[in-house]
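Chain by chain, the residues:
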Amino acid sequence: MDTEAQHTERDRSSGEEERSRSARVSGTDAASGASRTGLSGAREGRASGSPEGGASESPEDEVSERPEGGVSGAPSGGGSGAPDEEAGEPSAFLTWRRTGVIGLACVVFLLLFSHFVLQPFLVPSSSMEPTFQIGDRILVNKLAYRFGSEPRRGDVVVFDGTGSFVQEEPSGNPVTGLLHDAAAALGLAEPDGTDFVKRVIGTGGDRVVCCDKDGRITVNGVPVREQYVMLGDQPSSVPFDIVVPDGTLWVMGDHRSQSSDSRDHLGQPGGGVVPVEEVVGRADWIGWPFARWSTVPETDAFAAVPQWTGGGHAAGRGRGHG
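This is a predicted model, so every value here is computed, not measured. Residue numbering note: each chain is counted from 1, following its sequence as written. pLDDT decides what is reported in this predicted model: residues at 70 or higher carry local features, side-chain atom pairs at 80 or more are listed and counted, and totals for whole chains, interfaces and linings draw on all residues regardless. Each side-chain value is derived from all of the structure's non-hydrogen atoms; neither hydrogens nor water enter the calculation.

Quick word on the state of the cysteines
Thinking step 1. Disulfides are defined in this document as cysteine sulfur pairs within 2.5 Å. Tallying each qualifying case throughout the model produces 1 disulfide.
Thinking step 2. Covalent S-S linkage joins C210 and C211, the inter-sulfur distance amounting to 1.8 Å. Judged by the sign of its S-S torsion, about -45°, the cystine formed by C210 and C211 is left-handed.
Thinking step 3. A relative accessible area of 8% places C210 in the buried class. Categorising residues by exposure relies on relative accessible area from a 1.4 Å probe, with only protein chains included: less than 20% of the type maximum marks a residue as buried, more than 50% marks it as exposed, and the intermediate range marks it as partly exposed.

Okay, here's the thing in structure tokens:
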């Protein structure tokens, strides 16, 4: 009896303990389930943008949702930076485009300025020494004879020698020629083979003769003292006697022994003279190199020369000067 009663009490207490443990486990599982359900709801609420999230709004849930490496929503220092690069690309593109447009506008302005006002020319030979050296960039004033003025004796001019110094205009690739002309217009390349720089010795109506008994050139009967001629050169080793036709110029280089000029074209079509209309402009400055930056000095060599009132025309003999 006592033993049976004791077993019954133990069995009853064991059952109560098991029910208690079962209740506790069930309660724990229920709480965990509720927590997981709330967390899932919080995730869904944030994904849909709904404020409904209940317990999911707790700091613990927010922390658990943050990605590794920092607080959720804050910029990470170790990120790829893709948004910044994408934001910078349009700015860089606009900068390059703006630079290109400005550069193109500058080139167009320089070409127009060179064509109408002031054009640089590269001196390719020694024919004008000592006034110009090989490689000098001279600045040619295109307005000098634009408003009724004409070249005067002693002026240094650039002219197109087509038909006078060059009988046929050279042919070539038009694209290459265009690029060369643009570079020459900016003083970056040698001028065309038809462009020359010389000094005016006689103008329309002048009688130019070489030489008098002292070896000097005379213009309208007056000997010219040419201080600009290269030291050691004769005024001319070629005798000539010519009356310059109206509207034309008789031109010669300052380095007479190295200059191919009017003397060398006496027997050719045009007679060695250059039409005034073919003059590009007057060389007024040396622009480069900086060590030679200066104006082209004027000369008074022709100050005493009167206008020619005589007549007649005598063609001289010519030979090459290289």
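On we go.
A closer look at the sheet that holds strand 6 (residues 218-219)
Thinking step 1. Pairing in this open sheet of 4 strands is antiparallel, and the strands run 7-6-5-8 from one edge to the other. This sheet does not close on itself; its edge strands, each paired only once, are strand 7 (222-223) and strand 8 (240-243).
Thinking step 2. Note that strand 5 (residues 207-210) and strand 6 share 2 bridges and pair antiparallel. Bridging from a neighbouring strand, V208 pairs with V219 of strand 6. Any two strands between which DSSP finds at least two bridges are classified as paired. Only DSSP runs of H or I reaching four residues or more are called helices, and only runs of E reaching two or more are called strands; each is numbered from the N terminus.

Side note on the pattern of salt bridges
Thinking step 1. For this document, the term salt bridge refers to a Lys or Arg side-chain nitrogen within 4 Å of an Asp or Glu carboxyl oxygen. Scanning the entire structure with this criterion turns up 9 salt bridges.
Thinking step 2. For D136, the salt bridge goes to R292, with nearest N and O atoms at 2.8 Å. With D136 in the loop between strand 1 (118-122) and strand 2 (137-141) and R292 in the loop between strand 11 (279-288) and strand 12 (294-295), this pair connects stretches of sequence that are 156 residues apart.
Thinking step 3. What makes R292 partly exposed here is its relative accessible area of 27%.

Considering the nonpolar core
Thinking step 1. Put simply, buried Ala, Val, Leu, Ile, Met, Phe, Trp, Tyr and Cys residues joined by side-chain atoms within 4.5 Å make one nonpolar core. In terms of nonpolar packing, the biggest core is built from 18 residues, with I201, V208, I217, F240, W250 and F302 touching the most fellow members.
Thinking step 2. Listed by contribution, the elements that provide at least two residues to this core are strand 5, strand 8 and strand 9 (248-252).
Thinking step 3. The residues contacting I201, other than those within four sequence positions of it, are R153, V208, I217, V219, E226, Y228, W250, V251, M252, R256 and F302.
Thinking step 4. The next biggest cluster of nonpolar side chains, apart from the first, holds 12 residues, and it includes F132, V156, V158 and I286. The criterion used for residue contact is that any of the two residues' heavy atoms lie within 4.5 Å.

A few points about the side chain of D241
Thinking step 1. With respect to the element layout, D241 can be found in strand 8.
Thinking step 2. Polar contacts, as used here, are pairs of N or O atoms within 3.5 Å; protein pairs need one atom able to donate a hydrogen and one able to accept it. Residues neighboring in sequence count only if both atoms are side-chain atoms. Side chain to side chain, D241 and R207 meet in a polar contact 2.6 Å long.

What about the pairing of strand 9?
Thinking step 1. Judged by how many residues are buried, strand 9 sits mostly within the fold: 5 of 5 residues are covered.
Thinking step 2. Neither face of strand 9 is exposed, since T248, W250 and M252 on one face and L249 and V251 on the opposite face are all buried.
Thinking step 3. Sheet topology note: the strand 4 (residues 195-202)/strand 9 ladder contains 3 bridges and is antiparallel. Bridging from a neighbouring strand, V200 pairs with V251 of strand 9.

Some words on the environment of I242
Thinking step 1. Assignment of secondary structure puts I242 in strand 8.
Thinking step 2. Note: C-alpha distance between I242 and V209 (33 residues apart in sequence) is 6.5 Å.

Overview of the environment of T218
Thinking step 1. Structurally, T218 is set in strand 6.
Thinking step 2. Here T218 falls in the buried class, since its relative accessible area comes to 11%.
Thinking step 3. Along the primary structure T218 and I201 are separated by 17 residues, whereas in three dimensions their C-alpha atoms are 9.7 Å apart.
Thinking step 4. Contacts of T218, omitting those with residues within four sequence positions, involve R207, V208, V209, D212 and P223.

Some thoughts on the confidence of the model for the chain
Thinking step 1. Here pLDDT means the predictor's own confidence in every residue, given as a number from 0 to 100. Per-chain confidence: the chain averages 74 in pLDDT, with 60% of residues scoring 70 or above.
Thinking step 2. Taken element by element, the predicted model of the chain shows its lowest mean pLDDT in helix 2 (residues 59-65) (42) and its highest in strand 9 (98).
Thinking step 3. In the predicted structure, residues 17-86 sits below a pLDDT of 50 and forms 21 contacts with residues beyond four places in sequence or in another chain.

Here we look at the side chain of H265
Thinking step 1. Considering the arrangement of structural elements, one finds H265 in the loop between strand 9 and strand 10 (274-275).
Thinking step 2. You can call H265 buried: its relative accessible area is 9%.
Thinking step 3. If near-sequence neighbours (up to four positions away) are discounted, H265 is found in contact with S164, F165, S260, G271 and G272.

Description of the environment of D195
Thinking step 1. Summarising the element assignment, D195 is placed in strand 4.
Thinking step 2. Taking the C-alpha atoms as reference, D195 lies 6.0 Å from G161; in sequence the two are 34 residues apart.
Thinking step 3. Setting aside residues up to four positions removed in sequence, D195 forms contacts with F121, F159 and D160.

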